[in-house]
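Single-letter residue listing:
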Amino acid sequence: MTNEWQDIPEDDGITLGPEEALAREIARSKALKVERLRLKDQVEKLTAQNRALVEENEALKRKHRDSSENREPSDDRTPHSASLRRENSCLPGRWAFILLVFNLAAIGILLLFLLQKSGS
């Protein structure tokens with residue numbers, strides 16, 4: 001069994017004795033354990049951060065949902081606001097109709113003036 005330890009070549013090409021090879025393996029094992037603990041700690045921190053973000057997201061969704069639910073019923077309670085909403089939605093159509101009538105009247109008047117000038 002001691003022959004097994006004596007014939008182990010290392011990365012740099014030097015063959016170490018059993019004590020040196022064991023010491024190097026112990027150092028690698030410790031480094032791996034430290035790295036694993038560091039990664040485990042990082043995973044726990046990220047999991048906690050993720051959980052906090054999910055809770056914050058849910059709270060914001062609830063707040064948005066509650067504010068939109070509270071806004072709509074309050075508008076329906078007042079009949080005046082409902083009639084204003086109907087008027088505001090029809091307002092652009094009314095303005096377009098008024099502008100169309102005004103433009104047609106202006107064209108008609110201009111045509112009358114043009115016909116009067118050409119007739120005289």
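Being a predicted model, the structure only gives us computed values, none of them experimental. (Residues numbered from 1 in each chain as written. Predicted model: local features only at pLDDT ≥ 70, side-chain atom pairs only at ≥ 80, totals over all residues. Heavy atoms only, no water.)

1. Thoughts on the overall build of the protein chain
Step number 1: When its secondary structure is counted, the protein chain shows three helices and zero strands.
Step number 2: Summing over all exposed atoms, the protein chain offers an accessible surface of approximately 11000 Å²; the carbon and sulfur share of this is 62%. (Helix = DSSP H or I, 4+ residues; strand = E, 2+ residues; numbered from the N terminus. Areas by Shrake-Rupley, 256 points an atom, 1.4 Å probe, with all protein chains shown as cover.)

2. Details of the pattern of salt bridges
Step number 1: If you walk through the whole model with that rule in mind, you get three salt bridges.
Step number 2: Arg-28 serves as the salt-bridge partner of Glu-25, at 3.1 Å between the closest nitrogen and oxygen. Of this pair, Glu-25 and Arg-28 both sit in helix α2 (residues 18-77), three residues apart, which is roughly one turn of that helix.
Step number 3: Two residues, Asp-41 and Lys-45, come together in a salt bridge whose shortest N-O distance is 3.6 Å. Placement of the pair is Asp-41 and Lys-45 together in helix α2, with a separation of four residues, close to one helical turn.
Step number 4: Judged by relative accessible area, which is 36%, Asp-41 ranks as partly exposed. (Salt bridge = Lys/Arg side-chain N within 4 Å of Asp/Glu carboxyl O. Buried < 20%, exposed > 50% of the residue type's maximum accessible area, 1.4 Å probe, protein only.)

3. Concerning a nonpolar patch on the surface
Step number 1: Among the surface-exposed residues, Trp-95, Phe-97, Ile-98, Leu-100, Val-101 and Leu-104 lie close enough to one another that they form a single nonpolar patch of about 650 Å² accessible area.
Step number 2: Following the sequence through the fold, Trp-95 ends up in helix α3 (residues 79-119). (Patch = residues over 30% accessible without salt bridge, like charges linked within 9 Å, V, L, I, M, F, W, Y side chains within 5 Å.)

4. A short note on a positive patch on the surface
Step number 1: Among the surface-exposed residues, Lys-30, Lys-33, Arg-36 and Lys-40 lie close enough to one another that they form a single positively charged patch.
Step number 2: Following the sequence through the fold, Arg-36 ends up in helix α2. (Lys, Arg positive; Asp, Glu negative; His and termini not counted. Charge placed at Lys NZ, Arg CZ, Asp CG, Glu CD.)

5. Here's the deal with the confidence of the model for the protein chain
Step number 1: Averaged over all residues, the pLDDT of the protein chain equals 80, while 69% of them reach at least 70.
Step number 2: Mean pLDDT values for the elements of the protein chain range from 53 in helix α1 (residues 2-6) up to 87 in α2. (pLDDT = per-residue confidence, 0-100.)

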